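Chain by chain, the residues:
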Amino acid sequence: MDLLDESVVPAHAHEVKREAREFADEHIRPNAEEYFRSGEYPWDVLEAGMDAGLVAQDISEEYGGRGLDLEQVLAINEEFYAADAGIALTLMLASFGCEIIETYGTEAQKDEYLRPVAATDQLSGLAVSEPQTGSDMAGMTTTAERTDDGWVLNGEKYWVGNAVEADWLTVYAKTGDGDDRYGNYSMFIVETDTAGYEAQHIPEKIGMRASKQGHIIFDDCEIPEENLVGTEGGGFYVLADFFNHGRVVVGGHGIGLAAHAIEETWKFVHDREAFGRDIAEFQSTQHILADMRMEFEAARALNWRAARKVKQGEDAGFWAAATKTKSTETAVDCSERGMQLHGGRSVLEEYPISRVYRDARIPVIYEGANEIQRNLIYRQGDI
Ligand SMILES: Cc1cc2nc3c(=O)[nH]c(=O)nc-3n(C[C@H](O)[C@H](O)[C@H](O)COP(=O)(O)OP(=O)(O)OC[C@H]3O[C@@H](n4cnc5c(N)ncnc54)[C@H](O)[C@@H]3O)c2cc1C
């Protein structure tokens, strides 16, 4: 059974998908349990991913990357997340936010900031969420005020991937106070060694423990004028566009996690006896596995359809929100059902299903909680 088979994946993404699977078998699966237990940053796996050309390679060839497109990145994410979501998140976050610089940045910004990430000499990150809200993007309070030489940032960000490890971040900050609350935000590049930038790791998580997020405090953090990305006041719309791509990829996180849950559960029920037979022989078990498989296939078909739609720019907001929601909730459902079929062993840490179950709780929240996605689906999905 190859749940992540190539048949729904466009041909140009097959090769990189095979590379990702090979890499996951060699470097992610064997290290998953250890990193989950220790909660340490998987530097060695990240470096191996960089050497394999599978990290930060969505950056275009012009700036030193492989120029992997949305479908190729999705194919990698399915494979990585099916192996281990925590390590996968670290690998995928290495270039988080770069797409914004590539699409909206100046040539000078691209040269200075994209090249070292594509060359895997630097790590990036994206700082949007704050301690008081992650959902209300027009309600964030970190400010960037103009000075004679540039901008000064004050405020806090929370949950930021690689806030401690990254060399620079793309930061979303408030630059205006107009009546149009969507026109009050802008994007900036902030180097993490700038005076007034402080970051520390947030407390230990229950899932995706091999990835690290941080709490940032900007205290009169001064950055040069030229670090504004795109136009002043355009930040909200830049993010909305960025999230359309990101949410298709997060759909792939859900698909990978669901595949992992189904594989673990399938193995377990064929190897465990109750009442003198394999529990796979109970019809109720078979029906649960049938349901898991149907949900998985439906979610995956939607995900690949959404990838095509978003790539072509057709109702991107609707398709991105729909697939993010469906795939990540399929992961939650499959892991929950898989837990039940594992019986008492489901709560033993040594069983991968217990990790998948905890990891699956996360993509239903990040890149916009699914309630926010449902708002977008309703608003943009009118017929
Ligand atoms: C592991 C992890 C990694 C992350 N990485 C990053 C990162 O790299 N950069 C970054 O900027 N952020 C990151 N985030 C933050 C993430 O995007 C936010 O957690 C998410 O947007 C939700 O924001 P919140 O946690 O503040 O929840 P809140 O905004 O406080 O919302 C809490 C809950 O309230 C409900 N809710 C809120 N608003 C509505 C509404 N309008 N309608 C209905 N219900 C609603 C939902 O149930 C929601 O889950 C990460 C989060 C996690 C867990």
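All figures in this text were calculated on a predicted structure; none of them were measured in a lab.

### Side note on the overall build of the chain
For step 1, the next point in the chain: Tallying secondary structure elements over the chain gives eleven helices and ten strands in all.
For step 2, the next point in the chain: Relative to its length of 383 residues, the chain is compact, with a C-alpha radius of gyration of 21 Å against a globular reference of 21 Å.
For step 3, the next point in the chain: Referenced to the eigenvectors of the C-alpha coordinate spread, the extents of the chain come out at roughly 80 × 50 × 40 Å.
For step 4, the next point in the chain: Burial status across the chain gives 56% buried among its 383 residues.

### Overview of the packing of aromatic side chains
For step 1, the next point in the chain: Under the definition given, this model contains 13 aromatic pairs.
For step 2, the next point in the chain: Ring plane angle 70° and centroid distance 5.8 Å describe the contact between Tyr 197 and Phe 218, whose orientation is recorded as edge-to-face. You can see Tyr 197 sitting in strand β6 (residues 197-201) and its partner Phe 218 sitting in strand β7 (residues 213-224), a full 21 residues away along the chain.
For step 3, the next point in the chain: Classification of Tyr 197 as buried rests on a relative accessible area of 7%.

### Let's talk about the UniProt feature "domain: Acyl-CoA dehydrogenase/oxidase N-terminal" (unreviewed entry) in the chain
For step 1, the next point in the chain: Those places that UniProt annotates as "domain: Acyl-CoA dehydrogenase/oxidase N-terminal" (unreviewed entry) correspond, in this numbering, to residues 13-119.
For step 2, the next point in the chain: Within the segment residues 13-119, helix and strand shares are 71% and 0% respectively, and the terminal C-alpha atoms sit 22 Å apart.

### Structural notes on helix α6 (residues 107-118)
For step 1, the next point in the chain: The first and last C-alpha atoms of α6 sit 15 Å apart over twelve residues, in line with the 16 Å expected at 1.5 Å per residue.
For step 2, the next point in the chain: Inspection of α6 places Gln 109, Lys 110, Tyr 113, Leu 114, Pro 116, Val 117 and Ala 118 among the buried residues, and these make up the whole buried set.
For step 3, the next point in the chain: Packed against the buried residues of α6 are α5 (98-104), β4 (168-174), β5 (185-191) and β8 (228-229).
For step 4, the next point in the chain: Phi for Thr 120, located one or two positions after α6, is positive at around 60°.

### Some words on unusual backbone geometry
For step 1, the next point in the chain: The phi dihedral of Trp 159 is positive, around 70°, even though this residue is not glycine.
For step 2, the next point in the chain: Mapped onto the elements of the fold, Trp 159 is located in strand β3 (residues 150-161).
For step 3, the next point in the chain: Taking the relative accessible area as the measure of exposure, Trp 159 reaches 48% and is therefore partly exposed.
For step 4, the next point in the chain: Positive phi, close to 40°, is recorded for Met 208, a residue that is not glycine.

### Looking at the UniProt feature "domain: Acyl-CoA dehydrogenase/oxidase C-terminal" (unreviewed entry) in the chain
For step 1, the next point in the chain: As recorded in UniProt, the sites labelled "domain: Acyl-CoA dehydrogenase/oxidase C-terminal" (unreviewed entry) are residues 233-380.
For step 2, the next point in the chain: Annotated as residues 233-380, this span is 75% helix and 3% strand, and its ends, taken at the C-alpha atoms, are 23 Å apart.

### Notes on the domain arrangement of the chain
Note on interface size: it is often stated as the accessible area lost on association of the parts.
For step 1, the next point in the chain: According to the domain assignment, the chain consists of domain 1 (11-118), domain 2 (126-232) and domain 3 (237-380).
For step 2, the next point in the chain: Computed over C-alpha atoms, the centres of domain 1 and domain 2 are 23 Å apart.
For step 3, the next point in the chain: By the criterion of area lost to domain 2, the three top residues of domain 1 are Phe 36, Tyr 41 and Tyr 113, representing 28% of everything that side buries.
For step 4, the next point in the chain: Along the contact surface separating domain 1 from domain 2 lie zero salt bridges.
For step 5, the next point in the chain: Between the two partners, domain 1 and domain 2, sit eight residue pairs in polar contact (both at pLDDT 80 or more).
For step 6, the next point in the chain: Residue assignment for the side of domain 1 that touches domain 2 shows that the elements contributing at least two residues are α1 (14-38), α4 (85-93), α5 and α6.
For step 7, the next point in the chain: If you tally residues by element for the side of domain 1 that touches domain 2, the top one is α4, at six residues.

### Details of the pattern of salt bridges
For step 1, the next point in the chain: Applying the stated rule across the entire model yields 30 salt bridges.
For step 2, the next point in the chain: For the salt bridge of Glu 232 with Arg 146, the shortest nitrogen-to-oxygen distance reads 2.8 Å. With a gap of 86 residues between them, Glu 232 in the loop between β8 and α7 (235-269) and Arg 146 in strand β2 (residues 143-146) connect regions that are remote in the sequence.
For step 3, the next point in the chain: Look at Arg 146 and you get partly exposed, because its relative accessible area is 47%.

### Here we look at the environment of Asp 291
For step 1, the next point in the chain: Summarising the element assignment, Asp 291 is placed in helix α8 (residues 283-312).
For step 2, the next point in the chain: For the pair Asp 291 and Arg 337, spaced 46 residues apart in sequence, the C-alpha separation works out to 9.7 Å.

### Things to note about the site of the ligand
For step 1, the next point in the chain: Val 128, Ser 129, Gly 134, Ser 135 and Glu 371 are the nearest of the 20 residues found near the ligand.
For step 2, the next point in the chain: When grouped by side-chain class, the residues that make up the shell around the ligand number eleven nonpolar, seven polar and two charged.
For step 3, the next point in the chain: Among the domains, domain 2 (126-232) and domain 3 (237-380) are the pair contributing at least three residues each to the shell around the ligand.

### Details of the nonpolar core
Here is a general trend for soluble globular proteins: nonpolar side chains tend to be buried in one another's company.
For step 1, the next point in the chain: Counting 119 residues, the largest nonpolar core has Phe 80 and Leu 239 as the members making the most contacts within it.
For step 2, the next point in the chain: Of the residues forming this core, the biggest block, 16 residues, is contributed by α7.
For step 3, the next point in the chain: Discounting chain neighbours no more than four positions away, the residues touching Leu 239 are Ile 100, Leu 126, Val 128, Met 137, Tyr 172 and Met 187.

### Things to note about the packing of α7 against helix α10 (residues 352-360)
For step 1, the next point in the chain: Here α7 crosses α10 at 155°, and the two axes come no closer than 10 Å. Taken together, α7 and α10 sit at an angle that is classed as roughly antiparallel. In the crossing of α7 with α10, the sense of the turn from one axis to the other is left-handed. In contact with Leu 257, His 260, Ala 261, Glu 264 and Thr 265 of α7, α10 contributes Pro 352, Ile 353, Val 356, Asp 359 and Ala 360.
For step 2, the next point in the chain: Split by residue class, the contact of α7 with α10 holds six nonpolar, two polar and two charged.

Definitions and cut-offs
- Residues numbered from 1 in each chain as written.
- Predicted model: local features only at pLDDT ≥ 70, side-chain atom pairs only at ≥ 80, totals over all residues.
- Heavy atoms only, no water.
- Helix = DSSP H or I, 4+ residues; strand = E, 2+ residues; numbered from the N terminus.
- Rg over C-alpha atoms; globule rule 2.2 N^0.38 Å.
- Buried < 20%, exposed > 50% of the residue type's maximum accessible area, 1.4 Å probe, protein only.
- Phe/Tyr/Trp six-rings, centres within 6.5 Å; stacked < 30°, edge-to-face > 60°.
- UniProt positions renumbered as here; feature names shortened; annotations may be inferred.
- Expected span 1.5 Å × (residues − 1).
- Contact = heavy atoms within 4.5 Å.
- Domains from an automatic or database assignment.
- Buried area = accessible area lost by both parts, 1.4 Å probe.
- Salt bridge = Lys/Arg side-chain N within 4 Å of Asp/Glu carboxyl O.
- Polar contact = N/O pair within 3.5 Å; in protein donor to acceptor, adjacent residues only side chain to side chain.
- Near = heavy atom within 4 Å.
- Nonpolar A, V, L, I, M, F, W, Y, C, P; charged D, E, K, R; others polar.
- Core = buried A, V, L, I, M, F, W, Y, C linked by side-chain atoms within 4.5 Å.
- Axes fitted to C-alpha atoms, helices over the stretch in contact; angles between N-to-C directions.
- Parallel < 35°, antiparallel > 145°, perpendicular 65-115°, else oblique.
- Left-handed = near helix turned anticlockwise from the far one by under 90°.

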